[in-house]
Amino acid sequence: MGEAFIVRRGSPAFKFPGQTEESHFLWDGVGKGSPVILKINPIKLPNPSVVSPEICYEAALDPNGDYLATAHPDGTPSLYLYKRNGNTFTKLPDPSNLPVSAQSVAWSHNSTYLVVGDMVGSKIAFFKRNGDSFTRLSNPSSLPSQPVTAAVFDPAYSAYVATAVDGAPRLEIYQRSGDTFSKLTNISTIPSASIRCLSFDPSVGYLVVGMYSSPFIHIYKIVGDSFIQLSNPSTLPTGTVMGLSWDPTSTYLAVAHLNSPYLTIYKRSGDTFTKLPNPSELPEVHTAGAVFDPFGSFLMVSRNYGGMMVYRRIGDTFVKLPDPQSSFSGDKLSLSKNGFLAGLTPSNPYFAVYAVNSVFNAPTYSLTAPDVCKAGYALEAGIEGDYKKIMVFFRAF
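About the cut-offs
Residues numbered from 1 in each chain as written. Predicted model: local features only at pLDDT ≥ 70, side-chain atom pairs only at ≥ 80, totals over all residues. Heavy atoms only, no water. Pairing = 2+ DSSP bridges. Helix = DSSP H or I, 4+ residues; strand = E, 2+ residues; numbered from the N terminus. Axes fitted to C-alpha atoms, helices over the stretch in contact; angles between N-to-C directions. 1 Å grid on protein atoms, 1.4 Å probe; cavity = no way out; pocket = protein on both sides within 12 Å on 5 of 7 lines; lining within 4 Å. Points joined across faces, edges and corners; volume = space filled by probe spheres on them. Nonpolar A, V, L, I, M, F, W, Y, C, P; charged D, E, K, R; others polar. Salt bridge = Lys/Arg side-chain N within 4 Å of Asp/Glu carboxyl O. Buried < 20%, exposed > 50% of the residue type's maximum accessible area, 1.4 Å probe, protein only. Phe/Tyr/Trp six-rings, centres within 6.5 Å; stacked < 30°, edge-to-face > 60°. Lys NZ or Arg CZ within 6 Å of the ring centre and 35° of its normal.

A. Up close: the sheet that holds strand β25 (residues 308-314). Ordered in space as β23-β24-β25-β26, the 4 strands form an open sheet in which the pairing is antiparallel. In the strand order of this sheet, the two ends are held by β23 (287-292) and β26 (317-320), each with one partner. Each neighbouring strand pair of the sheet contributes to a mean axis angle of 25 degrees, computed without reference to strand direction. Pairing of β25 with β26 involves 4 bridges; the strand directions are antiparallel.

B. Structural view of empty space enclosed by the protein. Summed over all chains, the structure comprises 2 cavities of 30 Å³ or more. Here the largest cavity is characterised by a volume of approximately 40 Å³. Element by element, the count of residues in the lining of the largest cavity is highest for strand β29 (residues 351-361), at 3 residues. Partitioned by chemical class, the residues of the lining of the largest cavity number 8 nonpolar, 1 polar and no charged. In this structure, the second largest cavity occupies an estimated 30 Å³ of space. The wall of the second largest cavity is formed by L171, E172, I173, L184, T185, N186 and I187. Its residues assigned to classes, the lining of the second largest cavity shows 4 nonpolar, 2 polar and 1 charged.

C. Spotlight on the pattern of salt bridges. Under the criterion given, the structure shown has 14 salt bridges. Residue R84 pairs with D66 through a salt bridge whose shortest N-O separation is 3.6 Å. On the criterion of sequence distance, the pair formed by R84 in strand β5 (residues 79-85) and D66 in the loop between β3 (58-61) and β4 (67-71) is long-range, its members being 18 residues apart. Here D323 makes a salt bridge to K320, at a shortest N to O gap of 3.0 Å. K320 sits in the buried class, given a relative accessible area of 18%.

D. Geometry of the packing of aromatic side chains. The full count for this structure, using the stated rule, is 20 aromatic pairs. Geometrically, the ring pair formed by Y377 and F393 is tilted, given 6.4 Å between the ring centres and 35 degrees between the ring planes. Of this pair, Y377 sits in strand β30 (residues 374-378) while F393 sits in strand β31 (residues 387-395); the two residues are 16 residues apart in sequence, bridging distant segments of the chain. Through a chain of ring-to-ring contacts, the aromatic side chains of Y113, F126, F153, Y174 and F181 assemble into a single cluster. Above the face of the F360 ring, K39 is positioned so that its terminal group lies 4.9 Å from the ring centre. Lying over the aromatic face of Y80, K91 brings its terminal NZ or CZ to 5.1 Å of the ring centre.

Pasting the structure below:
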């Protein structure tokens, strides 16, 4: 495809093979039929009209970006559930039998199940979604030994739920069969430090745990229902791990952490994880989270409430792009497949949701520019901030 594209403004909408109709937020005003590009440039969505006054410990979007769960351990209720319509999140009615003190939330791969870590009581709760209704399932026969501080479903089948518990054995894993969750036998090699975050790779071959103290990460290989710890990478992160993210091919693992260089990226080959050379431009402060886009072409890194950095992956090299024009802050990042990003913030309501991709008016633009994610034309006219349909015919991945 050529270096630039031209679309006649106001022309009828034609759909060619490979085109997709998508809805995105406008950074610029556009006319119907105007040529447009999409960049990673987060636009903050309005806060929900009903929010908890208490600090949020985690805000998690379901994979489809339609639902949001927030945990507020000091609040009553401690769990808030929202449904998205366009750029509006509306609080849903509280389910019955809520956790007493929710502090972590995570969704299954198909948005059907929600796991909630509780500081007290059963210490873990599983909900099943049917439409906009959430029903609490029966507790597992074996409950966590300590409060659950973090949890994650495997992203392919939701067959496993890994949980970080506040004390020995630190890592406990549940297996799902239908609507029943059963605790597996504790792994033979427990993490050597308290866990802050966890991440399954997309192929569900590995589980990585990020820890508060040295060696800061452990990597487990999944063989059947067994989790076997691998040897540590020869080069380890230098501080508390704040976030973990895999690319969709399970090849690259990004680790956001305290202490310079603040970002460590590994490449996996079989069971070996090798640290890649540092990007030429690194974060200048500690990082609060990192997420790959759903196609693995871009890596977004949150700088300790100091804005977002974006890297374009070219082979094994991560090239920093110009900083987004929008403001951004966030910790414990959660990215949906359709490009909505949730994270924690330092002021009320203590969380925020962003639309990652913004639409820019582009009469002519090089499609090989490194910051272009997609290109196409507007199907609707709109002004800055509108949520409008565009036809995408070019993707940089």
